[in-house]
Amino acid sequence: MRIKAKCPVCTETVELTIHHLDRRQYCTKCGRMFKIPDADKLQKAIETAKQAGNSVIVDENGRIYG
Ligand SMILES: [Zn+2]
């Protein structure tokens, strides 16, 4: 199970660890700084990822992508 954040500019994904939550993160591709959703929003993503047995992608607003 993996959580990734999606860059709002170039849609590159950045893999997250617990240390990234509720912080700002630079996109590794375009350099844009964007916010990582907080743990509350990511809780839903984590549950979804567990059920899917796969990785999920979240954007800066906490929306979840498969
Ligand atoms: Zn980017």
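Each chain carries its own residue numbering, running from 1 in the written order of its sequence. The predicted origin of the model limits local features to residues at a pLDDT of at least 70 and limits the giving and counting of side-chain atom pairs to 80 or more, whereas totals for whole chains, interfaces and linings rest on all residues.

Caption draft 1: Broad picture of helix H1 (residues 39-52). Each helix is a run of DSSP H or I of at least 4 residues and each strand a run of E of at least 2, with the numbering of both proceeding from the N terminus. For a helix, the expected span equals 1.5 Å multiplied by the number of residues minus one. Over its 14 residues, H1 extends 19 Å from the first C-alpha to the last, a length consistent with the 20 Å expected when each residue adds 1.5 Å. Three exposure classes are used, based on other C-beta atoms lying within 10 Å of a residue's own C-beta, which is placed from the backbone: buried for 20 or more, exposed for 12 or fewer, and partly exposed in between. What H1 keeps buried is the set Leu42, Ala45 and Ala49. Seen from one end, H1 has its buried residues packed into an arc of 50°, which puts them on one side. Residues of H1 that are exposed and point more than 90 degrees away from the buried face comprise Asp40, Gln43, Glu47, Lys50 and Gln51. A pair of residues counts as a contact when their C-beta atoms, built from backbone coordinates, are within 7 Å of each other. Taken together, the buried residues of H1 touch strand S1 (2-6), strand S5 (55-58) and strand S6 (64-65). Two residues or fewer after H1 comes Gly53, characterised by a positive phi angle close to 65°. Within this analysis, the arc is defined by the directions that extend from the helix axis to the C-beta atoms.

Caption draft 2: Representation of the pairing of S1 within the structure. Across the two faces of S1 the burial differs, with Ile3 and Ala5 buried and Arg2, Lys4 and Lys6 not buried at all. When DSSP locates at least two bridges between a pair of strands, those strands are taken to pair. Relative to S5, S1 runs parallel, the two being bridged by four bridges. In the sheet register, Arg2 faces S5, and the bridge partner there is Ser55. Two elements, S1 and strand S2 (residues 13-15), share three bridges in a ladder whose sense is antiparallel. Across the sheet, Lys6 pairs through a bridge with Thr13, a residue of S2. Adjacent in sequence and paired antiparallel, S1 and S2 are bridged by six residues, among which Thr11 carries a positive phi angle near 65°.

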